[in-house]
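Remarks on the overall topology
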Amino acid sequence: MKILIIENEVYLAQSIATKLGDLGHVCEMCTSTRDAIKSNSYDVVLLSTNINGQDFNPVIETFKNSIIILMVSYISNDTVSKPLAAGAKDYILKPFMIEELVRKINHYQDYEKVKKRNIAYEKYLAHSFANISNDYNHEEIELPVFVSSGFIKNIDAFAFEHARIKNKAINFISLNDPKAMSEINATGPNTILYIIDYQSLKKGERKAFLEVIADKQAIIANSDKVDDVDFNVIEIKSDNNVFDQGEILPIEDYVKFIVLNYQNKFPDTELSKKLGISRKSLWEKRKKYDIVKKK
């Protein structure tokens, strides 16, 4: 990582830079905040709050996308509270072990990776479920609940929307995983379980499973209709019932579904190419199925 050390005690800055350099990091040093904001971008900024008469806010604003860790000799409103409120991530008391500093750096680096990954996942899910209606009053739905649909993506959308509205973490579990039952048992009440592959359980295994989830915040997905449980059951019908037939779709039904659901996502040239037909054939399909393309 590229690390900037802002410290007016040159010997201390050099010592930190040497130790971090031995661990493979690239370090640069400066003795004032004025010089710091002229520098390039960094992964980590180590900011000493012992520099008298310095305004730390420009540094924190300049490197708001970096991991800023305060190096402090004492804790006060000016040395810790205000910089943290302005955007610094954490602080470490001098003198400190370099291992403790590295632990903090690694922790926040992992945190930033997870945060960015989570943002990407949320964007992908929003895009993936954009055409799926979700008109349920999730506040009134009691868990555990079984949700069935011939189109599993409908249940995916239901589960993630429920977790979002309830503002709870969600844990995805496949019952084909040998560790599924132990993972279900270990999950606390503040996490929603999204469990798939219920239909893969044998009859004898289902009884044990139903006992385990009785007091869990669980959404159980099933591709078939559920009629052998004493829990709440929701059946989601797919648009146009194309995927609720429980059989291989006729080509014409498949083409109709794709045109209806994807014509506003792709231009006609690309959509016809994906379907393996000409643009003229695509136009004829619309006319045949009485499909009007929204503008």
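Residues numbered from 1 in each chain as written. Predicted model: local features only at pLDDT ≥ 70, side-chain atom pairs only at ≥ 80, totals over all residues. Heavy atoms only, no water.

Description of the sheet that holds strand S2 (residues 26-30)
Taken in spatial order, the five strands of this open sheet run S2-S1-S3-S4-S5, and their pairing is parallel. Two strands close off the open sheet at either side, each with one partner strand: S2 and strand S5 (90-93). Along the sheet, successive strands turn relative to each other by an average axial angle of 20°, direction set aside. Here strand S1 (residues 2-6) runs beside strand S3 (residues 44-48); their pairing, made up of four bridges, is parallel. Bridging from a neighbouring strand, Ile5 pairs with Leu46 of S3. Of the strands in this sheet, S1, S2, S3 and strand S4 (67-72) touch helix H1 (residues 10-22), which is tilted by about 170° from S2. Contacting S1, S3, S4 and S5, helix H5 (residues 98-128) crosses the sheet at an angle of about 155° to S4. (Pairing = 2+ DSSP bridges. Helix = DSSP H or I, 4+ residues; strand = E, 2+ residues; numbered from the N terminus. Axes fitted to C-alpha atoms, helices over the stretch in contact; angles between N-to-C directions. Contact = heavy atoms within 4.5 Å.)

A short note on the packing of aromatic side chains
Under the counting rule described, the total for this entry stands at eight aromatic pairs. Measuring from centroid to centroid gives 5.9 Å for Tyr42 and Phe63, while their planes differ by 65°, and the two rings are edge-to-face. With Tyr42 in the loop between helix H2 (33-36) and S3 and Phe63 in the loop between helix H3 (57-62) and S4, this residue pair connects regions lying 21 residues apart in the sequence. There is no split in this pair, since Tyr42 and Phe63 are both buried. By way of ring pairs, the aromatic residues Phe129, Phe160, Phe172 and Tyr194 are connected into one cluster. Just above the ring of Tyr42 sits the side chain of Lys2; from NZ or CZ to the centre is 5.0 Å. Over the ring of Phe266 we find Lys274; its NZ or CZ atom is 5.1 Å from the centre of that ring. (Phe/Tyr/Trp six-rings, centres within 6.5 Å; stacked < 30°, edge-to-face > 60°. Buried < 20%, exposed > 50% of the residue type's maximum accessible area, 1.4 Å probe, protein only. Lys NZ or Arg CZ within 6 Å of the ring centre and 35° of its normal.)

Describing the pairing of strand S8 (residues 191-196)
When you tally the buried positions in S8, you get five out of six residues, the bulk of the element. As paired strands, strand S7 (residues 169-174) and S8 are joined by six bridges and run parallel to one another. What sits directly across from Ala169, in S8, is Thr191. Crossover connection from S7 via helix H7 (residues 180-186) to parallel S8: handedness right-handed. With three bridges connecting them, S8 and strand S9 (residues 218-222) associate as parallel partners. Residue pairing across strands places Ile195 opposite Ile220, the latter belonging to S9. Regarding the hand of the β-α-β motif, the stretch spanning S8, helix H8 (residues 203-213) and S9 is right-handed. (Right-handed = clockwise from strand over helix to strand, strands pointing away.)

Considering the packing of H1 against H5
For any two helices packed against each other, one specifies the crossing angle of their axes together with the interaxial distance. Two numbers describe how H1 lies on H5: the axes approach to 11 Å, and their chain directions differ by 65°. Crossing handedness for the pair H1 and H5: right-handed. On the side of H1, the interface is formed by Ile16, Lys19 and Leu20, while H5 contributes Ile98, Leu101 and Val102. Broken down by class, the residue content of the contact of H1 with H5 amounts to five nonpolar, no polar and one charged. (Left-handed = near helix turned anticlockwise from the far one by under 90°. Nonpolar A, V, L, I, M, F, W, Y, C, P; charged D, E, K, R; others polar.)

Observations concerning the nonpolar core
Membership of the largest hydrophobic core comes to 18 residues, with the highest contact counts inside it found for Ile5, Ile16, Leu20, Leu46 and Leu101. Within the residue set of this core, elements represented by two or more residues are S1, H1, S3, S4 and H5. Sorting elements by how many residues they give to this core places H5 first, with five residues. The contacts of Leu20, once residues within four sequence positions are left out, are Ile3, His25, Cys27, Leu46, Ile98, Leu101 and Val102. (Core = buried A, V, L, I, M, F, W, Y, C linked by side-chain atoms within 4.5 Å.)

Side note on the pattern of salt bridges
Working definition: two side chains of opposite charge can pair if their charged atoms are close together. Scanning the entire structure with this criterion turns up 11 salt bridges. Residues Lys166 and Glu139 are paired through a salt bridge, measuring 3.6 Å at the closest nitrogen-oxygen approach. Placement of the pair is Lys166 in helix H6 (residues 152-166) and Glu139 in the loop between H5 and strand S6 (145-148), with a sequence separation of 27 residues. For Lys166, a relative accessible area of 28% puts it in the partly exposed group. (Salt bridge = Lys/Arg side-chain N within 4 Å of Asp/Glu carboxyl O.)

Brief notes about the packing of helix H10 (residues 268-275) against helix H11 (residues 279-289)
Between H10 and H11, the least distance of the axes is 9 Å, while the angle of their chain directions is 90°. One way to sum up the angle between H10 and H11 is to call them roughly perpendicular. Mapping the contact onto sequence places Asp268, Thr269, Leu271, Ser272 and Leu275 in H10 and Arg279, Leu282 and Arg286 in H11. A breakdown of the residues in the contact of H10 with H11 according to their chemical character gives three nonpolar, two polar and three charged. (Parallel < 35°, antiparallel > 145°, perpendicular 65-115°, else oblique.)

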